[in-house]
Amino acid sequence: MAGCGDKGGTDKATKANEAAAAMTIGFSQIGSESGWRAAETKLAKLEAEKRGINLKVSDAQQQQANQIKAIRSFIAQGVDAILLAPVISSGWDEVLGEAKAANIPVVLLDRQIDTADPSLYLSAVTSDTVEEGRVAGRWLVEKLAGRDCRVVEIQGTIGASLVANRKKGFEEGISSAGNVQIVRTQSGEFTRAKGKEVMEGFIKAEAPGSICAVYAHNDDMMIGAIQAMKEAGLKPGSEILAVSIDAVPDIFKAMADGDANATVELTPDMASRAYDLLAAYNKDGTVPPKWVQTPSTLYLPDTAAAEYERRKDLY
Ligand code: AHR
């Protein structure tokens, strides 16, 4: 019986892969602002190659206008499907309506959009971005064990769905502790350079010794903030707690070195999930779930050295 089941499963997988193999997919990517995003692009290409998918990647350099142009070009080329990592959440209805009119399914990757018409996209592969913030906030409360704490927050790109959500989740995570409060918030645009600059500003603006923790919406901005803290003679990881999101190799290195305390994983392997559901949809019209949720796992320094080794070549 088990043998029969396996064979059925294998045949099904083979057929789905064949359906995927015939596909040409356009991927409108945001850019390469972070190590995480570069890894997402790399894995999208690797997985496409493995499956024989013809993947066309367009780098939008952080501009929604470039993403809209790329989508229109994919439609004109008659691609079989479009992957979209939307830089901001609003303003997609018109162009996605054009894709829909051309019968081209669209799968959102890593960020959601605001629309009154969910039929404009087939599915979204993302994490629960509110939960990511909650996980980070709860970790901080537990770590503090009742101590007072003034937190500074470095946000990602304003207007992106996940930025409001990561903020909201973190606020929920710390809400059980009346002694933990966010005292400053600013966007570091998800980049290392901007994260450093924002942290330098926070250090100048706050009284010496008064910042107790940094919450950064991604690891790259935290790496920049760590540099700023060190240059100011502060000790990130001990004197100032550091929690962020993504789980890229460099944050594991920082944790192993004692400079950071926690990260919440966002898998960069988004595209393979999209390829799977598009293959099934292409083959026999199987309608995927509207939201394919990826996990949000907390990582701490105890496994940091091993995690760094495991991930360093993936990125
Ligand atoms: O949308 C995912 C976010 O975008 C990642 O957390 C960040 O690193 C990236 O730039």
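All values reported here derive from a predicted model rather than from experimental measurement. (Residues numbered from 1 in each chain as written. Predicted model: local features only at pLDDT ≥ 70, side-chain atom pairs only at ≥ 80, totals over all residues. Heavy atoms only, no water.)

The next point concerns the overall build of the protein. The helix and strand inventory of the protein stands at 11 helices and 12 strands. A compact globule built from 315 residues should have a C-alpha radius of gyration of about 20 Å, and the protein, at 21 Å, falls within 12% of that. Seen through its C-alpha atoms, the protein measures out along the principal axes to roughly 60 × 50 × 35 Å. By residue count, 52% of the 315 residues in the protein fall in the buried class. Surface summary for the protein: the accessible area is close to 13400 Å², and the carbon and sulfur share equals 51%. One finds the centroid of the 35 positive side-chain charges in the protein at a distance of 1 Å from the centroid of its 43 negative side-chain charges. (Helix = DSSP H or I, 4+ residues; strand = E, 2+ residues; numbered from the N terminus. Rg over C-alpha atoms; globule rule 2.2 N^0.38 Å. Buried < 20%, exposed > 50% of the residue type's maximum accessible area, 1.4 Å probe, protein only. Areas by Shrake-Rupley, 256 points an atom, 1.4 Å probe, with all protein chains shown as cover. Lys, Arg positive; Asp, Glu negative; His and termini not counted. Charge placed at Lys NZ, Arg CZ, Asp CG, Glu CD.)

Following both chains from N to C, one finds helix α2 (residues 35-51) and helix α10 (residues 271-284) inclined at 35 degrees, their axes separated by 8 Å at the closest point. Side by side, α2 and α10 meet where Ala 44, Glu 47, Ala 48 and Arg 51 of the first sit next to Ala 271, Ser 272, Tyr 275 and Asp 276 of the second. For the contact of α2 with α10, the residue count by class is 4 nonpolar, 1 polar and 3 charged. (Axes fitted to C-alpha atoms, helices over the stretch in contact; angles between N-to-C directions. Contact = heavy atoms within 4.5 Å. Nonpolar A, V, L, I, M, F, W, Y, C, P; charged D, E, K, R; others polar.)

Running from N to C, helix α3 (residues 64-77) and helix α4 (residues 93-101) cross one another at 10 degrees; their axes reach a closest spacing of 10 Å. Classed by the angle they form, the pair α3 and α4 counts as roughly parallel. On α4, the residues that touch Ile 68, Ile 71, Arg 72 and Ile 75 of α3 are Glu 94, Val 95, Leu 96, Glu 98 and Ala 99. In the contact of α3 with α4, the residues fall into 6 nonpolar, no polar and 3 charged. (Parallel < 35°, antiparallel > 145°, perpendicular 65-115°, else oblique.)

Here Gln 29 shows up in strand β1 (residues 24-29). Under the relative-accessibility criterion, Gln 29 is labelled buried at 1%. For Gln 29, the contacting residues outside a window of four places in its chain are Arg 37, Glu 40, Thr 41, Val 57, Ser 58, Asp 59, Ala 60, Gln 67 and Ala 85.

Attention now goes to the state of the cysteines. In protein structure, a disulfide is the covalent linkage between the sulfur atoms of two cysteines. Taken as a whole and judged by the stated rule, the model has 1 disulfide. Each disulfide pairs two cysteine sulfurs, and for Cys 149 the partner residue is Cys 212, the sulfurs being separated by 2.0 Å. Here the disulfide of Cys 149 and Cys 212 is left-handed, its torsion about the S-S bond being about -100 degrees. Residue Cys 149 is found in strand β6 (residues 149-155), and its partner Cys 212 is found in the loop between α7 (192-205) and β8 (213-216); the two are separated by 63 residues along the sequence. (Disulfide = S-S within 2.5 Å.)

Looking at the ligand, the residues that line it are Glu 33, Ser 34, Trp 36, Arg 37, Asp 110, Arg 111, Leu 162, Arg 166, Phe 190, Asn 218, Asp 246 and Leu 266. Between an oxygen atom of the ligand and a side-chain N or O atom of Glu 33, the distance comes to 2.3 Å. One of the side-chain N or O atoms of Arg 166 is found 2.9 Å from an oxygen atom in the ligand. Protein coverage of the free-state accessible area of the ligand, which is 290 Å², stands at 100%. Those elements giving two or more residues to the shell around the ligand turn out to be α2 and α6 (161-174). Among the residues making up the shell around the ligand, the classes are represented as 4 nonpolar, 2 polar and 6 charged. Viewed by domain, the shell around the ligand spans two of them, domain 1 (24-127 + 267-294) and domain 2 (129-265 + 300-312), each represented by three or more residues. (Near = heavy atom within 4 Å. Polar contact = N/O pair within 3.5 Å; in protein donor to acceptor, adjacent residues only side chain to side chain. Domains from an automatic or database assignment.)

Attention now moves to the packing of aromatic side chains. Per the stated rule, a full pass over the model turns up 2 aromatic pairs. On the numbers, 4.0 Å between centres and 10 degrees between planes, the contact of Phe 170 with Tyr 215 is stacked. A residue pair is termed long-range when its members are at least 10 positions apart, and Phe 170 in helix α6 and Tyr 215 in strand β8 qualify at 45 residues. Residue class for Tyr 215 comes out buried when judged on its relative accessible area of 0%. Measuring from centroid to centroid gives 5.6 Å for Phe 252 and Tyr 299, while their planes differ by 85 degrees, and the two rings are edge-to-face. With a gap of 47 residues between them, Phe 252 in helix α9 (residues 249-256) and Tyr 299 in strand β12 (residues 298-299) connect regions that are remote in the sequence. Here Phe 252 matches Tyr 299 in class, with each residue buried. The cationic tip of Lys 290 hangs over the ring face of Tyr 121; the distance from NZ or CZ to the ring centre is 4.5 Å. (Phe/Tyr/Trp six-rings, centres within 6.5 Å; stacked < 30°, edge-to-face > 60°. Lys NZ or Arg CZ within 6 Å of the ring centre and 35° of its normal.)

Moving on, we get to the domain arrangement of the protein. Each assigned domain of the protein is listed here: domain 1 (24-127 + 267-294) and domain 2 (129-265 + 300-312). For domain 1 and domain 2, the distance between their C-alpha centres works out to 29 Å. Opposite the 11 residues of domain 1 that make contact, domain 2 presents 15 residues. Of the roughly 1000 Å² buried at the junction of domain 1 and domain 2 (both faces included), carbon and sulfur atoms supply 51%. Interface area lost by domain 1 to domain 2 is led by Glu 33, Arg 111 and Ser 127, which between them contribute 40%. The tally of links between domain 1 and domain 2 comes to 5 residue pairs in polar contact (both at pLDDT 80 or more). (Buried area = accessible area lost by both parts, 1.4 Å probe.)

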